[in-house]
Amino acid sequence: MPKKSVAKKAQKKLKEMSQKLVSKKEQKALKKKAKDHLWMHAKSWEDMSKPDGIQIFTEADGTQITDIEGNSYFDIMAGLWLVNSGHGRQEIMDAVYEQMKQLSYVSGWSFATLPAIELATKLAEITPGSLNKIFFVNSGSDATDAATRMAKQYQFLAGFEKRYKIIGRRNSYHGSFSGAHSLTGSGFFARKYFEPMMPGIRHVPHPYCYRCQYELEYPSCDMLCAKAVEQEILFEDPETVAAVIGETIAGAPGVIPPPPEYWPMVRAICDKYGVLLIMDEVICGFGRTGKMFACEHFDVVPDIMAVAKGLSSGYLPIAATIAKEEVHDKFKGGWPETFQHGTTWGAHPVCCAAALANVNIIEREDLPKKAAKMGKYLMNALKQLESHPTVGDVRGKGLLAAIELVKDKKTKEGFGPDDKFNDVLNQNFADLGLLTRVRNYIAICPPLIVTKKEIDELVQTLDKAFTKTEKKLRIK
Ligand code: PLP
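Quick notes on the sheet that holds strand S1 (residues 57-61)
- What the four strands build is an open sheet, ordered S1-S2-S3-S13; its pairing is mixed. Strand pairing shows two members of the sheet lacking a second neighbour, S1 and strand S13 (434-435), which therefore form its edges.
- Where strand S3 (residues 72-75) and S13 come together, two bridges link them in parallel fashion. Bridge pairing links Asp75 to Leu435 in S13.

Following this line, the structure appears as structure tokens:
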């Protein structure tokens, strides 16, 4: 069986490569292969083509991740805001292996599996209120897409056939699929190549106090950003609006915790006009902000919740769109009432097994509580960096934190590519052993198992990197 032996050989080689450092020559060859064939998701060709443009990672444990050259880094973004339970959890690997041996696939369209049932039951138990109906999908973009389709079909089935509009927020991120990108109110992925975007989507201002769109200050602003949701619904005509969507605490646009009254106000507005509230917990969910779900900080239960990332801590791709019983009630019927949505990988049994093992760890080790405690410690430590001329704002909740970078603290002007600040800071982070990415902010959202000692070291290293960068660029 030549095919099998080729696969076995490749597997053996991968194992060997991750166990020992490969030679410089092999590294070079691998980088060439990567450049020739691997199309990375958000890396420019120019960046890929730089001498150190392709970094190959081979192993990770706890909060540390190691590249093929043997360099270890503190994974301060927990991958991409998701390795909540930490790298190298044997329990999750064992669950995956056992499930694969037992049953690697049956279609989740029409059949159930043991891990899918157990995971759905567990999610119903840990999510607030009557969020008891779990529709498994594969990624965060999938989950927000499915949430809006669910909201639209719900409204139709409830007799409101004209309610198709979705109100999102500016400066938001809900993913990169056509629907999710349309909901997204920030320009990380350019819109110009894809316009016209999905019709029927409107965007209102974000509760981003550091850069308030109304140029007001909290609390004298009178929460105009929340009131804007009502104004938009009225302007569009409530009879045409299906749902409002927002990240409970936006992550990718810069970690933006809203004021405490924001979500209760938006919840009340949605209820007043029969509009569903979708909360995107793709980053916030599974303990990241110091509660199992960030909506619990606000005492608000959405009608539909989107979760992904921390659901499996990145061990395998899985996400879910979770609906309240009352929403699901409208879908109780024959095929015409059935939710018109589905994917081949939805409720994949192996991914469900990985997620179940991961959620069990998060619960057993009470990682939400740990994130709350360590988050406070982290925030106090990060506040010490505010004396740097380039640190504009330090904010966050739990272990979801960020430092917003500015060229001028008074005007809050950010750095542009010509300033080279981000590139130099990024390089200094890498040289000092921190794996992250620098945008107009840096995110600090390590695995939830992070220790005080690691936080102390992390903040000292951030301090060093800022000092080095400011010195090199003569910023005072
Ligand atoms: N929603 C939020 C809040 C996110 O931060 C992201 C990704 O970062 C997404 C949705 C999209 O998730 P995915 O990249 O898994 O499609």
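As for unusual backbone geometry
- The omega angle of the peptide bond from Glu195 to Pro196 is 0 degrees, so this bond is cis rather than trans.
- Tracing the backbone shows Pro196 in the loop between helix H8 (178-183) and strand S6 (201-204).
- With an omega of 5 degrees, the peptide bond running from Tyr218 to Pro219 counts as cis.
- Mapped onto the elements of the fold, Pro219 is located in the loop between S6 and helix H9 (224-236).
- If you check the backbone angles, Asp222 has positive phi at about 65 degrees while not being a glycine.
- Mapped onto the elements of the fold, Asp222 is located in the loop between S6 and H9.
- Its identity as a non-glycine residue notwithstanding, Asp299 has a phi of 55 degrees, on the positive side.
- Structurally, Asp299 is set in the loop between strand S8 (276-280) and strand S9 (304-307).

Description of the nonpolar core
- In this structure, Trp81, Leu119, Phe286, Leu382, Ile403 and Ile444 are the most contacted members of the largest nonpolar core, which totals 90 residues.
- Ranked by residue count, the leading element in this core is helix H13 (residues 367-383), at seven residues.
- Beyond its immediate sequence surroundings of up to four residues, Ile444 is in contact with Ile76, Leu378, Leu382, Leu399, Leu400, Ala401, Ala402, Ile403, Leu458 and Leu462.
- Counting 17 residues, the second largest nonpolar core, distinct from the first, contains Ala151, Ile166, Ala243 and Ile278.

Some points on the pairing of strand S7 (residues 241-247)
- In terms of burial, S7 is a largely internal element, seven of the seven residues being buried.
- Sheet topology note: the strand S5 (residues 165-169)/S7 ladder contains three bridges and is parallel. Paired with Ile166 across the two strands is Ala243, which belongs to S7.
- With five bridges joining them, S7 and S8 adopt parallel strand pairing. Looking across to S8, one finds that Val244 is bridged to Leu277.
- One crossover worth recording links S7 to the parallel S8 by way of helix H10 (residues 262-273), and it is right-handed.

Rules used throughout
- Residues numbered from 1 in each chain as written.
- Predicted model: local features only at pLDDT ≥ 70, side-chain atom pairs only at ≥ 80, totals over all residues.
- Heavy atoms only, no water.
- Pairing = 2+ DSSP bridges.
- Helix = DSSP H or I, 4+ residues; strand = E, 2+ residues; numbered from the N terminus.
- Core = buried A, V, L, I, M, F, W, Y, C linked by side-chain atoms within 4.5 Å.
- Buried < 20%, exposed > 50% of the residue type's maximum accessible area, 1.4 Å probe, protein only.
- Contact = heavy atoms within 4.5 Å.
- Right-handed = clockwise from strand over helix to strand, strands pointing away.

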